[in-house]
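Listed below, chain by chain, are the residues.
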Amino acid sequence: MRLTADEEAMLDGKEGRAVQRAMELLVQYGDALGAERLVDTNNVCGANVFSPAPGLPKFESHDQIFSQMSLDSDETFEIPHVKAYSCQLIGRMDARHWRLQEIEQETHDLIAESESYNAAHGIQLMNTCTPYQVGNVPVKGEHCAWMESSAVVYINSVLGARTNVEGRESTAAAMLTGKIPYWGYHLHEQRAGTHYVDVQFPVQDFMDWGILGYYVGKMVGDKVPVLDHVNSTPNLSQLKHFGAAASTSGGVELYHIPGITAEARTVEEAFQGHPIQARFSFGQQERLQVYEELNSTARDPHVDLVMLGCPHANIQQIWEICNLLDGKTVHSNTELWIFTPHPIRELADRNGYTKIMENAGAVLMSDTCPAIGRFLPKGTKVIATDSAKQVHYLPAIMKVQGWFGSTKDCVNAAITGRWTGGIS
Ligand code: F3S
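Residues numbered from 1 in each chain as written. Predicted model: local features only at pLDDT ≥ 70, side-chain atom pairs only at ≥ 80, totals over all residues. Heavy atoms only, no water.

Draft legend 1. Broad picture of the overall build of the chain. Of regular secondary structure, the chain possesses 16 helices and 14 strands. Taking 424 residues into account, the globule formula puts the C-alpha radius of gyration at 22 Å, and the chain, at 22 Å, falls close to it. Over its C-alpha atoms, taken along the principal directions, the chain stretches across nearly 65 × 60 × 35 Å. In the chain, buried positions account for 59% of the 424 residues. Here the contacts in the chain between residues at least 6 apart in sequence split such that 76% fall between residues at least 24 apart. Computed over 33 positive and 50 negative side-chain charges, the separation of the two mean positions in the chain equals 4 Å. (Helix = DSSP H or I, 4+ residues; strand = E, 2+ residues; numbered from the N terminus. Rg over C-alpha atoms; globule rule 2.2 N^0.38 Å. Buried < 20%, exposed > 50% of the residue type's maximum accessible area, 1.4 Å probe, protein only. Contact = heavy atoms within 4.5 Å. Lys, Arg positive; Asp, Glu negative; His and termini not counted. Charge placed at Lys NZ, Arg CZ, Asp CG, Glu CD.)

Draft legend 2. Spatial organisation of the pairing of strand β12 (residues 362-366). Here β12 lies mainly inside the structure; five of its five residues are buried. Because side chains alternate across β12, one face comprises the buried residues A362, L364 and S366, and the other comprises V363 and M365, equally buried. Two elements, strand β11 (residues 335-340) and β12, share five bridges in a ladder whose sense is parallel. Paired with T340 across the strands is S366, a residue of β12. (Pairing = 2+ DSSP bridges.)

Draft legend 3. Representation of the site of the ligand in the model. Lining the immediate surroundings of the ligand are I90, C129, E148, S150, G309, C310, P311, C369, A371, I372, K389 and Q390. At the level of secondary structure, the elements contributing two or more residues to the shell around the ligand comprise α14 (370-373) and α15 (388-398). Among the residues making up the shell around the ligand, the classes are represented as seven nonpolar, three polar and two charged. There are two domains that each give the shell around the ligand at least three residues, and those are domain 1 (5-187) and domain 3 (296-416). (Near = heavy atom within 4 Å. Nonpolar A, V, L, I, M, F, W, Y, C, P; charged D, E, K, R; others polar. Domains from an automatic or database assignment.)

Draft legend 4. Quick peek at the packing of helix α11 (residues 315-325) against helix α16 (residues 407-416). Axis separation between α11 and α16 bottoms out at 10 Å; the angle between their running directions is 50°. When the interaxial angle is binned, α11 and α16 end up oblique. Both α11 and α16 take part in a crossing whose hand is right-handed. When α11 is examined against α16, the residues I321, L324 and L325 are found in contact with a partner set consisting of T407, K408, V411 and I415. For the contact of α11 with α16, the residue count by class is five nonpolar, one polar and one charged. (Axes fitted to C-alpha atoms, helices over the stretch in contact; angles between N-to-C directions. Parallel < 35°, antiparallel > 145°, perpendicular 65-115°, else oblique. Left-handed = near helix turned anticlockwise from the far one by under 90°.)

Draft legend 5. View of the UniProt feature "domain: Phosphomevalonate dehydratase large subunit-like" (unreviewed entry) in the chain. UniProt's entry tags residues 1-412 with the feature "domain: Phosphomevalonate dehydratase large subunit-like" (unreviewed entry), counted in the numbering of this structure. The annotated region residues 1-412 carries 40% helix and 13% strand content, and the separation between its end C-alpha atoms amounts to 56 Å. (UniProt positions renumbered as here; feature names shortened; annotations may be inferred.)

Draft legend 6. Region of interest: the pattern of salt bridges. The final tally for this structure, using the stated rule, is 17 salt bridges. Salt-bridge contacts for E7 lead to K179; the nearest nitrogen and oxygen are separated by 3.1 Å. Taken as a pair, E7 in helix α1 (residues 5-11) and K179 in strand β6 (residues 179-181) lie far apart in primary sequence, 172 residues in all. Judged on exposure class, the residue E7 and its partner K179 are both buried. Here the residues in one salt-bridge network are D6, E7, D40 and K179, joined through shared partners. (Salt bridge = Lys/Arg side-chain N within 4 Å of Asp/Glu carboxyl O.)

Draft legend 7. Examining the sheet that holds strand β9 (residues 278-282) more closely. Strand order across the open sheet formed by three strands is β8-β7-β9, with parallel pairing between neighbours. Unpaired on one side and paired on the other, β8 (225-228) and β9 mark the two borders of the sheet. The average angle at which neighbouring strand axes cross in this sheet is 25°, direction not considered. Sheet topology places strand β7 (residues 195-199) next to β9; five bridges connect them, and they run parallel. Paired with H195 across the strands is A278, a residue of β9. In the packing of helix α7 (residues 206-220) onto the sheet, the strands contacted are β7, β8 and β9, and the crossing angle to β9 comes to about 155°.

Draft legend 8. Seen up close, the sheet that holds strand β3 (residues 86-88). The strand order β4-β3-β2-β5 describes an open sheet built from four strands, whose pairing is parallel. A single partner strand is all that each edge strand has here, and the edge strands are β4 (123-124) and β5 (145-146). By the bridge criterion, two bridges tie β3 to β4 in an arrangement that is parallel. Across the sheet, residue C87 finds its bridge partner in β4, namely Q124. Sheet strands in contact with helix α6 (residues 168-177) are β2 (44-46), β3, β4 and β5, and its direction is about 140° off that of β2.

This is the structure in structure tokens:
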């Protein structure tokens, strides 16, 4: 790779061993990708907060944890303040409800210490998979280095920012250097559409956007779909659900809905003059098939846990859930857990929504989710969720049955303790 003078200086160790190691990693990574150069970035989202797990060694210091786990080095460096604007993504522990997660005091203290260490190094503790909902909203064309597939597909597509799905090491290296390989979705030509999706069913609600996303991901894999004939303007929650589902069933990191998402006003513009590799159409039959597939692990109608907020819910969704609860209470055999970023939980506290949920017997959680934190209420065998991503992962990871449906059907299951959801 061609390096600039400041990059050469970092590689030569002029800014210390940690930055030197970070540059070594980026050069190796860029070479492996075939990148010609690095690009400046001042917007990085990664995951450096440490949480103990079986099989991990005992560390002597947080510098050692960062060196080993984030910079892949046996040598312990003194980690400097980050150079790029950097944010921590979702982690394992809810700072308010960690006891409910059955996290032990020692583990809690270690995670809290690691958070303080990261904050002291300049990393913003956003602790969510949706930093774009709590203030980190990249602009069109901004070069970023983000982990978390659901966030990447959102900022690439809806906002027109530029990032690939990065990993822990590459984001840590980007934090310390302000650089990332100039490759993949950083390049204009790589952002051209490849597959055409004719949306024949009028997709309008949250559930249908998730179903459409899951369908698109299955059909295009990791390519760039272009959706035509979308007959409504989706809101943030719907696009968030769509992208998360498409990146789960496939590996979609970028899509275009001409006239709605950031980069293409027309189908022609989305394809940038390249040939269309394949065409699909999404109608009622495809919609019903995907709904069945998403419900394929579920048999028992008795629901132990209803999980909402994947990706993390925004305040509009929390308000809607409170309206659906409407003074009713959660069934004695069922839990209702809703996940949101902690700044939105603060807002929910002030608006009285947390209290409404607590009075109903629900819990508003933040900083984590069951798939990342690997936790469920004791004895959970059946879950229900309005998230295509969560129902894809939880049955596989936690060996539970999973119902998928609308937010209304999920809240109803929480109140009655039974799944009666459906699709028409
Ligand atoms: Fe976020 Fe966890 Fe879903 S990371 S996207 S809430 S699986």
